[in-house]
Amino acid sequence: MTGTTRAFRLIWFHFGSIEKLMLTLTLKNLPRDLHAMLKESAERNRRSLNSEILVRLERDLAAPMIDPEWHAKQLRAFAVRLPKVEHARVGRYKRQGRA
């Protein structure tokens, strides 16, 4: 591959090591406030700025995808199974101080 930078890192295991390809990513035009928030978070978590960004990317990309339509359908099905509210009875209880 011409023009591609590759960095290799050995990862040691109990029975030896493997060579793992590590790619490089450069962020450009990062807003100052976002940089400051990442830097503060890295310091709180005792990580380098690079490690903090990697941890956040891995966590966010590993999160399960959410299907809002499926969840809305599940919520509607749940709401249908709830008991009906008798608003007149609730009003009486409130007036009697039982709510």
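Sequence order as written defines residue numbering, which begins from 1 separately in each chain. Residue-level local features of this predicted model are given only where pLDDT is at least 70; pairs of side-chain atoms are given and counted only at 80 or more, and the full residue set underlies all totals for whole chains, interfaces and linings. Working from all heavy atoms in the structure, the side-chain values ignore hydrogens and water.

## Concerning the layout of surface pockets
No. 1: A cavity, in this analysis, means grid points on a 1 Å lattice covering only the protein atoms where a 1.4 Å probe fits yet has no way out; a pocket is instead an open set bounded by protein on both sides within 12 Å along at least five of seven lines, and a residue lines either one if it has an atom within 4 Å of a point. Grid points are joined across faces, edges and corners, and a volume is the space filled by probe spheres set on the points. Approximately 360 Å³ is the volume found for the largest pocket.
No. 2: In this structure, the largest pocket is lined by M22, L23, T24, L25, L27, N50, I53, L54, V55, L57 and E58.
No. 3: Secondary structure elements are defined from DSSP: runs of H or I of at least 4 residues count as helices, runs of E of at least 2 residues count as strands, and each element is numbered from the N terminus. A total of six residues in the lining of the largest pocket trace back to one element, the largest contributor, which is helix α2 (residues 49–62).
No. 4: Polarity classes work like this: nonpolar for Ala, Val, Leu, Ile, Met, Phe, Trp, Tyr, Cys and Pro, charged for Asp, Glu, Lys and Arg, and polar for all others, with Gly in that last group. Per-class residue counts for the lining of the largest pocket are eight nonpolar, two polar and one charged.

## A short note on the packing of helix α1 (residues 32–44) against α2
No. 1: Note on method: axes are straight lines fitted to C-alpha atoms, helices fitted across the in-contact stretch only, with angles between N-to-C directions ranging 0 to 180 degrees. Remark: α1 packs on α2, axes separated minimally by 9 Å, with the N-to-C direction vectors making an angle of 95 degrees. Viewed along their axes, α1 and α2 adopt a mutual orientation that is roughly perpendicular. Across the interface between the two elements, H35, L38, K39, S41 and A42 of α1 pack against L49, E52, I53 and R56 of α2.
No. 2: Residues of the contact of α1 with α2, tallied by class, amount to four nonpolar, two polar and three charged. Reported orientations rely on four angle classes, namely roughly parallel under 35 degrees, roughly antiparallel over 145, roughly perpendicular from 65 to 115, and oblique for the rest. Only heavy atoms matter for contacts: two residues are in contact if any of them lie within 4.5 Å across the pair.

## Quick look at α1
No. 1: For a helix, the expected span equals 1.5 Å multiplied by the residue count minus one. Between its first and last C-alpha, α1 extends 18 Å over 13 residues, near the 18 Å set by a 1.5 Å rise per residue.
No. 2: Looking one or two residues past α1, R46 carries a phi angle of roughly 55 degrees, positive in sign.

## As for the pattern of salt bridges
No. 1: Salt bridges are defined by distance alone: a side-chain nitrogen of Lys or Arg within 4 Å of a carboxyl oxygen of Asp or Glu. Taken as a whole and assessed by the stated rule, the structure comprises four salt bridges.
No. 2: With its nearest N and O atoms 3.0 Å apart, the salt bridge here joins R56 to E52. With R56 and E52 both in helix α2, this residue pair falls four residues apart, about one helical turn.
No. 3: Judged by relative accessible area, E52 falls into the buried class, the value being 2%.
No. 4: Between D60 and R59 there is a salt bridge, with the nearest N and O atoms lying 3.5 Å from each other.
No. 5: For D60, a relative accessible area of 51% translates into the label exposed.
No. 6: Overlapping salt bridges, with partners in common, bring together R47, E52 and R56 in one network. Only protein chains enter the accessibility calculation, which uses a 1.4 Å probe. A residue is then buried if its area is under 20% of the maximum for its type, exposed if over 50%, and partly exposed in between.

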